[in-house]
Amino acid sequence: MTSPKPHDMTHPADLARHGQGTGPVRSRRPVYVDQLPPCNNACPAGENIQAWLALAQAGAYEKAWRALVRDNPMPSVHGRVCYHPCENSCNRGQVDSPVSIHAVERFLGDMALREGWQVQPDAPASGKRVLVVGAGPSGLSAAYHLARLGHAVEIHEAGPVAGGMMHFGIPAYRLPRDELAQEVARIEAMGVTIVLNRKVDDLLAAKQAGDFDAVFVAVGAHLSKRVEIPARDAGKILDAVSFLRQAASGEPPVLGRRVAIYGGGNTAMDAARVAKRLGAEEALIIYRRDAEHMPAHRFEADEAMEEGVKINWLRTIKEIDQTHIQVEVMEIDDQGIQSPPDASKPWKPMR
């Protein structure tokens, strides 16, 4: 005779043997941890990206811009030239694709210029005067934040125009000068005085002469890396920083039909693209590694090649004279980069 089926297949809990009872453990509780969003954490300018993106998404564009410029005084500039490491850290990329943060930043920056939005100081006048030496990105940013705190700021710039490397190091095709000038003008509208063609040779004397309470030095470092090439002085060689500065100043150097650019960084890509714009028939980048190991961002190389720039990967300059560049072919193996013997090839440079 078979036994009857149980009324309920689920056995009741044995509460007598359950030492901790039922429900949550009373000695523990959930804790909310407010951590920095990955995009904010990756932003070199320290922007509160999460805040202004939320405002922009809600259509509150001016509020979004005002939240943005609390940290970054020149969003129209950054929205064009920043390499947006925030997007590389955006966790939305684990779902589909990162939020195009820099595009929204440029949109807000350009809208502010069109609408004429201005920044008002956060504090009343402090009565303090600050001298800023240099009108580059550092000097302009320092002047902006000091002005927001209510201080009177005067910038002394040795050059003929404000902007520093934003003007002389970044080509105009990447950073239009009109937008840059408007961003600088907004900082001046806050009460910041910019004195051009004023080189400061003696900080203490300048501080005393202007009755300043403090001095912020932002002279920059407009220097290029020197590459050791045998007999490099025998050829016509320009460093990239000087070349870009001359091109931006309206007095570019005279180039030949063929120009070789040695290096694989973002500056090398800019130099090659500027050379093409100056009329060079051939701009050839010579780089000792392959595309996967170059310091330049991949889209920089792609854009350069779309404009006709040629890139010779795995090449290094062995020697140079008045008429030829001797290059050496490289190869990559598990041990790194090696130069095989008898792999030198001549290349006739700019003429």
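Just above, that's the structure.
The structure contained in this document is the topic of the report that follows. Here the structure is a predicted model, which is why all the values come from computation and not from measurement.

### So, the pattern of salt bridges
Piece 1. Applying the stated criterion to the full structure yields 18 salt bridges.
Piece 2. Residues D270 and R174 are paired through a salt bridge, measuring 2.9 Å at the closest nitrogen-oxygen approach. With D270 in helix α12 (residues 266-277) and R174 in the loop between α8 (165-168) and α9 (177-189), the pair connects residues that are 96 residues apart, well separated along the chain.
Piece 3. Classification of D270 by relative accessible area gives buried; the value is 8%.
Piece 4. In this structure R174 comes out as buried when scored by relative accessible area, which is 14%.

### Some thoughts on the packing of helix α2 (residues 49-57) against helix α3 (residues 61-68)
Piece 1. Two elements in contact, α2 and α3, have axes whose closest approach is 7 Å; the angle formed by their N-to-C orientations is 170 degrees. Classified by the angle their axes make, α2 and α3 are roughly antiparallel. Where α2 abuts α3, its residues W52, L55 and A56 lie against Y61, K63, A64, A67 and L68.
Piece 2. Looking at the contact of α2 with α3 residue by residue, the class counts come to seven nonpolar, no polar and one charged.

### Looking at the nonpolar core
Piece 1. Of all hydrophobic cores here, the largest spans 29 residues; its most connected members are L140, I155 and V192.
Piece 2. Of all elements in the fold, only α4 (75-81), α6 (101-115), β1 (129-133), α7 (137-148), β2 (152-156) and α9 reach the threshold of two or more residues within this core.
Piece 3. In terms of residue count, the dominant contributor to this core is α7 (five residues).
Piece 4. In contact with I155, other than residues within four places in its own chain, are V132, G134, A135, G139, L140, A143, V192, T193, I194 and V195.

### Side note on the sheet that holds β2
Piece 1. The strand order across the open sheet built from four strands is β3-β2-β1-β4, with neighbouring strands paired in parallel fashion. Two strands close off the open sheet at either side, each with one partner strand: β3 (193-195) and β4 (214-217). Taking the axes of each pair of neighbouring strands and ignoring which way they run, one obtains an average angle of 20 degrees across the sheet.
Piece 2. Here β1 runs beside β2; their pairing, made up of five bridges, is parallel. The residue bridging L131 from the neighbouring strand is E154, located in β2.

Calculation notes
Residues numbered from 1 in each chain as written. Predicted model: local features only at pLDDT ≥ 70, side-chain atom pairs only at ≥ 80, totals over all residues. Heavy atoms only, no water. Salt bridge = Lys/Arg side-chain N within 4 Å of Asp/Glu carboxyl O. Helix = DSSP H or I, 4+ residues; strand = E, 2+ residues; numbered from the N terminus. Buried < 20%, exposed > 50% of the residue type's maximum accessible area, 1.4 Å probe, protein only. Axes fitted to C-alpha atoms, helices over the stretch in contact; angles between N-to-C directions. Parallel < 35°, antiparallel > 145°, perpendicular 65-115°, else oblique. Contact = heavy atoms within 4.5 Å. Nonpolar A, V, L, I, M, F, W, Y, C, P; charged D, E, K, R; others polar. Core = buried A, V, L, I, M, F, W, Y, C linked by side-chain atoms within 4.5 Å. Pairing = 2+ DSSP bridges.

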